[in-house]
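Tertiary structure, described
This is what each chain is made of:
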Amino acid sequence: MYQYDIAVLGAGCAGWQLLQQLSLQPNWADCKVLLLDDGTEKQQSWSFWSAGNHPLQQLVTKSWQQLSFCSAKFSTKQSAKPYTYHHIPGKVFFNYFEQQFLPQNPNITLVKAKVNRIHNQENCFLIDTDQQSFRAKNCYSSINPQTKKPELWQHFKGWYIETKEEIFDDRTAMLMDYTTQLHQEVHFIYVLPFTKNRALVEATFFSAEVVSDALYEELIKAYLQQHFPQINYKITSAETGQIPMSRQQFNHYGPAGETLIGKAAGMVKASTGYAFNRITNDSILLAKNIGQKQYAVATGTRGRFRFYDALLLNMIRHSPQIIPNVFTQLFKHNRMPDVLRFLDEQSTLQQEIRIFASLPILPFLKQAIKHIFTYRDGK
Ligand SMILES: Cc1cc2nc3c(=O)[nH]c(=O)nc-3n(C[C@H](O)[C@H](O)[C@H](O)COP(=O)(O)OP(=O)(O)OC[C@H]3O[C@@H](n4cnc5c(N)ncnc54)[C@H](O)[C@@H]3O)c2cc1C
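Throughout this description, residue numbers start from 1 for each chain and increase along the sequence as written. Given that the model is predicted, a residue must reach a pLDDT of at least 70 before its local features are reported, and side-chain atom pairs must reach 80 or more before they are shown or counted; all residues, however, enter totals for whole chains, interfaces and linings. Hydrogens and water molecules were not included; the side-chain quantities draw on all heavy atoms of the structure.

Overview of the site of the ligand
In these notes, residues near a molecule or strand are those with any non-hydrogen atom within 4 Å of it. Surveying the vicinity of the ligand reveals 29 residues, the closest of which are Asp-37, Asp-38, Lys-42, Lys-263 and Ala-275. With respect to the ligand, the backbone of Ser-47 contributes an N or O atom lying 2.7 Å from a nitrogen atom. Secondary structure elements with two or more residues in the shell around the ligand: α1 (13–22), β3 (46–51), β16 (233–245) and α4 (276–288). Of all the elements, β16 adds the most residues to the shell around the ligand, at 3 residues. Side-chain classes are defined by residue name, with Ala, Val, Leu, Ile, Met, Phe, Trp, Tyr, Cys and Pro counting as nonpolar, Asp, Glu, Lys and Arg as charged, and the others, Gly among them, as polar. The residue makeup of the shell around the ligand, split by class, is 13 nonpolar, 11 polar and 5 charged. Two domains share the shell around the ligand, each providing at least three of its residues, namely domain 1 (2–45 + 89–147 + 246–299) and domain 2 (152–244). For the purposes of these results, a polar contact is taken to be a pair of N or O atoms within 3.5 Å, where, inside protein, one atom must be able to donate a hydrogen and its partner to accept one; residues adjacent in sequence count only when each atom of the pair is a side-chain atom. Only DSSP runs of H or I reaching four residues or more are called helices, and only runs of E reaching two or more are called strands; each is numbered from the N terminus. What marks off one domain from the next here is an automatic or database domain assignment.

Describing the environment of Leu-365
Residue placement: Leu-365 occurs in helix α9 (residues 361–376). Expressed as a C-alpha distance, the spacing of Leu-365 and Leu-311, which sit 54 residues apart in the sequence, is 9.1 Å.

Overview of the pairing of strand β13 (residues 172–177)
A 1.4 Å probe rolled over the protein chains alone gives each residue an accessible area, and that area as a share of the maximum for its type sets the label: buried under 20%, exposed over 50%, partly exposed in between. Buried residues dominate β13, accounting for 6 of its 6 residues. We call two strands paired when DSSP finds no fewer than two bridges between them. Here strand β5 (residues 66–70) runs beside β13; their pairing, made up of 5 bridges, is parallel. By the bridge assignment, Phe-69 is partnered in β13 with Met-176. Note: β13 against strand β14 (residues 186–195), 2 bridges, orientation antiparallel. Bridge pairing links Asp-177 to Ile-189 in β14.

Concerning the sheet that holds strand β7 (residues 83–88)
Sheet architecture is open: 3 strands sit in the order β3-β7-β4, paired in antiparallel fashion. Of all strands in the sheet, those bounded by a partner on one side alone are β3 and β4 (62–64). Each strand axis lies, on average, 25° off the axis of its neighbour in the sheet, ignoring direction. Both β3 and β7 contribute to a ladder of 6 bridges, which runs antiparallel. Its bridge partner lying in β7, Ser-50 is registered against Thr-84. Helix axes use the C-alpha atoms of the stretch in contact, all axes being lines fitted to C-alpha atoms, and the angles between their N-to-C directions lie in the range 0 to 180 degrees.

Notes on a nonpolar patch on the surface
For patches, a residue must show more than 30% relative accessible area and have no salt bridge; joins then use 9 Å for like charges and 5 Å for nonpolar side chains, namely Val, Leu, Ile, Met, Phe, Trp and Tyr. Here the accessible surface of atoms and residues is derived via Shrake-Rupley with a 1.4 Å probe, and residues count as covered only by protein chains that are part of the display. The rule for a salt bridge is simple: a side-chain nitrogen of Lys or Arg has to be within 4 Å of a carboxyl oxygen of Asp or Glu. The grouping of Ile-361, Leu-362, Leu-365 and Ile-369 at the surface amounts to a nonpolar patch, some 410 Å² of accessible area in total. Here Ile-369 is to be found in helix α9.

Some words on the side chain of Thr-129
If you trace the backbone, Thr-129 turns up in strand β10 (residues 124–129). In this structure Thr-129 comes out as buried when scored by relative accessible area, which is 9%. Reaching out from Thr-129, the side chain makes a polar contact with the backbone nitrogen of Gln-131 at a distance of 3.0 Å. Side-chain polar atoms of Thr-129 contact the backbone oxygen of Gln-132, separated by 2.6 Å. By the convention used here, residues are in contact when the closest approach between their heavy atoms is within 4.5 Å. Excluding anything up to four places from it in sequence, Thr-129 contacts Leu-36, Ala-113, Lys-114, Val-115, Asn-116 and Phe-134.

If you want it as structure tokens, here you go:
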């Protein structure tokens, strides 16, 4: 049986970001670190916004200073300042960590194995895998012990396309385009133009069940046809994904007392699916607080922001037809940076009141009353 100072379970977005932050701590080189991963193939990329440079800025391959929103009744293209919207391809992320970071940190041992069980024994974590067992003083895990089936999913399929003509505005990322409405579920198109003739065009749905590949593709084709009738394009690759939109309250500690990280710690914001930046911030705090149990027991979205997320999720479930109008009013009456600050849960109560005053009041009131009664009845 092996003895490590730190075990990190899962070499994904959170595992690697935590290791990077830990590597900046004093005495790091003397720490014996185990990184366990089951080796599942990873194919996702990350987009996120930040004010100022991100700690992984060197991995950002494209940034946009402007963001746009579009629906049948309204469209806007605005500066996101002080924020910048960034994109990190998964390949670039994993290449950096596996081929540069890992060799530079010989105190980390990467083992490919599936974790079956974590238990606590004599103030030590015992980690059973399909290969062997390991022992570690500290354990950080991105393996999810607290998943209930979510009521809703954010699910998507995107095509990376290359066009003959230069048709994209590569200074502007399109957050949501609701102009192509083909189905009852909430759906929109998201566009990341990397150059004037290369872009990711993604069909995104918010719904209880995922849809067939054909539906996403139908939506992407309809969008391209509607906005660029003369378009001549080839698909260079595709990506699909599902992100749970869960109202579950997460905890920072797992059943054996291991510290949870990433999705397992509720870092994915229920109403948006964004987690990258939250994972970064959490990794910074965890690394600073290494060995201390006090850091944030409850985690993820908390307080009034949990209530706001619940309202939106209820509305998506019960009144999906009004969602395009909710987002239209949001982007019509609020500046892009104010919306981003709100989604980052960094806004003040006064700013939130202004935002809610700009939204269709009746549906929100209805959901708020429903939420209060559901909460009171303990459902
Ligand atoms: C398709 C997709 C796209 C996303 N895009 C964005 C985005 O653009 N922006 C954003 O902010 N957020 C995005 N997210 C949300 C979030 O950022 C990601 O889910 C993020 O990868 C979560 O990090 P994680 O480390 O918790 O999980 P992961 O990155 O999934 O890492 C978990 C790791 O643990 C390993 N593992 C799992 N079980 C075991 C086991 N039993 N034993 C050993 N190893 C195990 C897995 O193989 C994996 O390597 C996206 C999510 C998905 C699913």
